[in-house]
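Chain residues, written in single-letter form:
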Amino acid sequence: MYSLFNTEFRMTRVSFFLLFSVMLSTSAFSQKILAFDKSGKVKRIRYYEWEYISLKTTSKEKINGIISQIKDSSFVVEGRELTLFSVSKVYSTQTGMGYQLVANIFILPAIGYIPLITINGLINNDSPVFRSNQLYYGGGFIAITLISNYLANRPFKISEKRPLKIIDISI
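Novice: Can you walk me through the packing of aromatic side chains in this structure?
Specialist: Note on aromatic pairs: each is described by the distance of the centres and the angle between the planes. A full pass over the atoms with the stated rule returns 2 aromatic pairs. Between F106 and F141, the aromatic rings sit 5.8 Å apart at their centres with planes inclined by 40°, giving tilted as the arrangement. With F106 in helix α2 (residues 97-123) and F141 in helix α3 (residues 132-152), this pair connects stretches of sequence that are 35 residues apart. With a relative accessible area of 23%, F141 lands in the partly exposed category. Note on Y113 and F141: the rings are 5.9 Å apart at their centroids and 80° apart in plane angle, and the pair reads as edge-to-face. Residue Y113 is found in helix α2, and its partner F141 is found in helix α3; the two are separated by 28 residues along the sequence. The ring of Y91 is capped by K62, whose NZ or CZ atom sits 4.3 Å from the centre of that ring.

Reading the values: the criteria
Residues numbered from 1 in each chain as written. Predicted model: local features only at pLDDT ≥ 70, side-chain atom pairs only at ≥ 80, totals over all residues. Heavy atoms only, no water. Phe/Tyr/Trp six-rings, centres within 6.5 Å; stacked < 30°, edge-to-face > 60°. Helix = DSSP H or I, 4+ residues; strand = E, 2+ residues; numbered from the N terminus. Buried < 20%, exposed > 50% of the residue type's maximum accessible area, 1.4 Å probe, protein only. Lys NZ or Arg CZ within 6 Å of the ring centre and 35° of its normal.

This is the structure in structure tokens:
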């Protein structure tokens, strides 16, 4: 009889613990999300509170900063409250870390290569200071930097097909 009571008591404790864990987890993850869907893909870009965002408003003003609060129809970035309809573009800040790394690596040769070959050609009294292959290399470094930087910070235009929305998953 003692073991039967002990087993029922254990089952009650385990059930209570599981119920408490489920309730705690749903309240911990209840929040509002700023999101938009990429066109032609299933992927949804999500921004949570305290995440970095870069966007352009309909008045052509670029705003960068941390989302401090997401409300029902607006959100606050760096102390400015923005409505969903006042945003025209959102820049990709969550992906493209490899592109950003490539842009950061190739910026040094892109900036330093042309002056280096110019000074070297002047010191050596070369008749053409620039050789065509040297200009191709310098231009290639600059092109790789610009293309990688664009891919890392690609703008996504907000439109009817790709609306910016606030998803409320709170209970």
